[in-house]
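Structural characterization, general
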Amino acid sequence: MGKMTPLEVVKYIKFPDRRLISGFLTINMVSHSDNDGLDDANQEYQDGWGGGDGESETSHPFFSTEPDNPGRNGYKHSFGDYDCLLFWVAGGMTLHAPSFSSRMSQVELESGGFLSASSGPATWTDDTGSPNDAYDSNEHWFLSANVVHPCQHFLKSHLISRINNGYGHTNTDYYKIPGILTNQFEYNTNIEADWNNNVTAASSNAIPSNREGNNYRYILSNGVFSNDTDGDYVGGVAGASVEGSSGDLSNVSNNTYFPMIEGVEVYGKHKYTIPSHKNGLSGSNYIYSNTNTSVGNYAHEAGYWSMVIKIKIRAYHPTNTSGQATKEFFKSRTNVMFQPFGETASFDIGNSLHAS
Amino acid sequence: MALTREERKLLHQKSKQPTFGSGKPDSMEGFEGDVSYRKVEGSGTVQYLKQDGDWKAISSSGEMPAVRTVGSSSVGSSGTSDHSILSNLSSDDHIQYLLINGSRAMTGDLSLSGGDGALTFTADNSSIKIPDDKASSLVIEEADNAYITITTTNSSEKITLYEDLYINDGSNNIFHFDQSLAQMYIYDDSDVSNYMKMQVLTGGPTKLTTVDADGSVAHFTMDIDGDIVLDAASGNTLLELNGTTYGTFILNSNNIEFDVELGNLTLDVAGDIYLDAAGDHIYFADAGDTRIRFTLDPSPDLKSYGDFTLDSTGNIILSAEDASVRISDDDIVYIDIHNTDSTPEIDVTGNFTIDGSGTIDIDSASTLTLNGTSAVNIQENGTNVINIDTHRYIYFNAYAQTLYQQYGFHNKIDKYHQTSGKDDYDQNYSILSESIVSSSYNTNYGG
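All values reported here derive from a predicted model rather than from experimental measurement.

Rules used throughout
Residues numbered from 1 in each chain as written. Chains lettered and ligands numbered in written order. Predicted model: local features only at pLDDT ≥ 70, side-chain atom pairs only at ≥ 80, totals over all residues. Helix = DSSP H or I, 4+ residues; strand = E, 2+ residues; numbered from the N terminus. Buried ≥ 20, exposed ≤ 12 C-beta atoms within 10 Å, placed from the backbone. Contact = placed C-beta atoms within 7 Å. Pairing = 2+ DSSP bridges. Axes fitted to C-alpha atoms, helices over the stretch in contact; angles between N-to-C directions. pLDDT = per-residue confidence, 0-100.

1. Overview of the overall build of chain B
Within chain B one finds one helix and 27 strands. Of all 447 residues assigned to chain B, the portion counted as buried reaches 4%. In chain B, of all internal contacts separated by at least 6 residues, the share reaching a separation of at least 24 is 5%.

Structure follows, in structure tokens:
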């Protein structure tokens, strides 16, 4: 048993080259409205534990350990299983055609351990190629040191806030939701901007008044639940139910719902494929080509790129207890909104890397 | 230089004038047939006619001048040559003489040997009188072949000509009445190869023909002080071109029809064309099927029996002085364009659609107002893109959610909500979104 690699939902937003934008990225994920008549996930799983659906119980967060009874049986609180994140995303990507210098001769390819012969017919020592590993002298090959690919994305995201109801689990066998990393690079005073650059120092424990450097945090949730008695919640004075107080979410221990998001990645990516060979089957030195070759064709896009929004979802595998998860624990719906402001309004949303 | 035709005519007329003088004219004077009036002592005024090279006295206001008889003495005649000495000269019982005063009628035929002046009248107001009330009061004939018969039968008087009649201007026959072919010619007196012919054929067909030798200007003109009446008993009046009928006026009872049997019909008028129908209607038909009817009562209308197209290479202008142009169906006005003189407005009864196969542009130099009492829709290919309801809420892309409250702006959109900006690189703000539903999940959840 182990922690599964989360299921990923990935969206690609096409951007023009070198346009700086910034804006809010909102991700709302919730148990699907089809589940409105059901209890929240932890209650459902606890109620049905061992009832034949063991495939999902073996994975994290349960690890085949029956969760604590949340005490919400029959409350139909599937709506409480949500995770909402607000990021500030800034940056863009700069694209330039890679440069290749010092094309390698057959002698150099052979001496570097990439070819079987320094002249005449030769084969690639890594045995790759289609339809065979024969060397084609029309192909251009370069040492990795002579290939410069300067394309760089400069996207950064900062979680402004995250709100869910799942940070109150105390069962030691229950895998808690991961936090979302936030960085805050700080000086203690601005004098240090001149003399003492400490921002490379990682610190997450310093007293705020003393901290400096990168004061990173992993955010499980933010938010305040109002238990004003005028509000309606289970166990609230004004609530219809008086059987307990599990609905008072200002009490951390009542926040035992099932947030689904394990992480969010935001980065830039562009179309770039470059053929390569290595020096032997187990070699570690690589050479690259900017032509069509028997191991693939060179392609590089310098006009546009894609901003990737990768949402990592807590999930399981029906048969495996580790590795890549393939199923969510329950049906969900995710709404994503991005409000870019800046140097472009030319966007195209897709489900794969834009190639045209 | 030769004499002109007119000069020859004048000379000819002059030559026929009598001459005047005293005494018997000399035989060397004048020409055959000339007449001369002479004062002759003892005879008064004597009329002489030159005949057979000599002047002969043919009448006198007094006694006839004595005629010298050459050689008469040689025949030993015992008579006298002076009638005045004859006894009983005034007795009208001489069977072989006519009285000079004409008081004695001839009892037999008068035969003249002919010749120039064979029958000559010398006095003014001379006449030939023929008997009254006769079927053939006077016949001019060749042997028994009458050329002219004058009938004086009371109430049936007539002159009958049995041969062709020519009227000559001294040089050419100008009029020719051809009795055998029942036709009449009038020739161009300057060139008789040009003429007009009127002919009646067997059964009564009558032809009027004009001929121009050059084939170009033999026009026919009727310049009538009164009416021109074409009265065809068959009702058909034909218009032909070189013998081919192109148009026919057909006059039936209470109906006049003009058929153009070949080609087109053009009314080319320098002035106006008036169609004045007291019956109130003017019809345009296609092979007998009425297509268009003008009703010409005090409120004229035009009715089309089928689709109706106004196809103009220029502008089509409807100008209504009462400032209203209406389009109706069965007397119900569905489109009323009014206030055309100041602030034009189109009133429509029922739904109104402008369906263009191409671009429709509404170009206002000032404010453009779309005013729908219950809604304003802007569609793309039949689907509402923009809808403004009675609350003045604006819905884009058929936004149809039921909301607790409506908003001023509603937009149904997938992914690309909106964008605004100045230009590439400048002030761009967009809203994008995506909705994702699980594609792989625990289907036993909640089971």
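So, next bit.
2. Description of the overall build of chain A
Counting secondary structure elements, chain A contains four helices and 25 strands. Within chain A, the fraction of its 356 residues that count as buried is 34%. Counting contacts in chain A only where the partners sit at least 6 residues apart, residues at least 24 apart contribute 76% of the total.

3. Some remarks on the sheet that holds strand β20 (residues 304–313) of chain A
Hydrogen bonds between backbone groups are what pair the strands of a sheet, and the pairing can be parallel or antiparallel. Residues and elements named next belong to chain A. Spatially, four strands are ordered β15-β20-β2-β25 in an open sheet, and the strand pairing comes out antiparallel. Every other strand in the sheet has two partners, leaving β15 (261–269) and β25 (348–350) as the edge strands with one partner each. Averaged over all pairs of adjacent strands, the angle between their axes in this sheet comes to 20°, without regard to strand direction. Pairing between strand β2 (residues 7–16) and β25: three bridges, direction antiparallel. If you follow K14 over to β25, its bridge partner there is D348.

4. A few points about the sheet that holds strand β17 (residues 289–295) of chain B
All names here are of chain B. Spatially, the three strands line up as an open sheet ordered β16-β17-β18, and their pairing is antiparallel. Two strands lie at the open edges of the sheet, namely β16 (281–286) and β18 (301–304), each paired on one side alone. The average angle at which neighbouring strand axes cross in this sheet is 15°, direction not considered. Across six bridges, the pairing between β16 and β17 is antiparallel. Paired with Y283 across the two strands is R293, which belongs to β17.

5. A short note on the interface of chain A and chain B
Reports often express the size of an interface as the amount of accessible area lost when the parts come together. Every contact between the two is made by 31 residues of chain A and, on the other side, 22 residues of chain B. Mapped by element, the contributors of at least two residues to the side of chain A that touches chain B are β2, β23 (327–328) and β24 (332–342) of chain A. With 11 residues, the single largest contributor to the side of chain A that touches chain B is β24(A). As defined by bridge partners, β24(A) adjoins strand β27 (residues 428–437) of chain B across eight bridges and the pair is classed as antiparallel. Across the sheet, residue F338(A) finds its bridge partner in β27(B), namely L432(B).

6. Focus on the confidence of the model for chain B
Residues and elements named next belong to chain B. Predicted confidence across chain B gives a mean pLDDT of 84, with 88% of residues reaching 70 or more. Averaged pLDDT values for the elements of chain B fall to 58 in helix α1 (residues 5–15) and rise to 96 in β27. In this model residues 69–78 is a low-confidence stretch, pLDDT under 50, and it forms two contacts with partners more than four residues away in sequence or in other chains. Across the interface, the model reports ipTM at 0.89; the global pTM reads 0.61.

7. Here's the deal with the pairing of strand β9 (residues 173–178) of chain B
Residue and element names in this part refer to chain B. In terms of strand pairing, strand β8 (residues 165–168) meets β9 through four bridges, oriented antiparallel. Directly across from I167, in β9, lies its bridge partner F175. Joining the antiparallel neighbours β8 and β9 is a turn of four residues, in which G170 adopts a positive phi near 105°. Bridge count for β9 against strand β10 (residues 183–188) is four bridges, and the pairing is antiparallel. Across the sheet, residue H176 finds its bridge partner in β10, namely Y185. Between the antiparallel neighbours β9 and β10 lie four residues, among them A182 with a positive phi of about 50°.

8. Focus: the environment of D133(B)
All names here are of chain B. For D133, the location among the structural elements is in the loop between β4 (54–60) and β5 (138–142). Sequence-wise, D133 and T153 are 20 residues apart; in three dimensions their C-alpha atoms are separated by 3.8 Å. Sequence-distant contacts of D133, that is, excluding residues within four places in its chain, are made with T152, T153 and N154.

9. Let's talk about the pairing of strand β19 (residues 324–329) of chain B
All names here are of chain B. One ladder, built from six bridges, connects β19 with strand β20 (residues 332–338); its direction is antiparallel. Considered in β20, the bridge of R326 is made with D336. Connecting β19 to the next strand, β20, in antiparallel fashion are two residues, including D330 with a positive phi near 50°.

10. Focus: unusual backbone geometry
Residue P61(A) is bonded to the preceding H60(A) through a cis peptide linkage, with omega at 20°. Topologically, P61(A) is positioned in the loop between α2 (54–57) and β4 (82–91). With an omega of 10°, the peptide bond running from S130(A) to P131(A) counts as cis. Here P131(A) lies in the loop between α3 (106–111) and β7 (142–143). The phi dihedral of R392(B) is positive, around 65°, even though this residue is not glycine.

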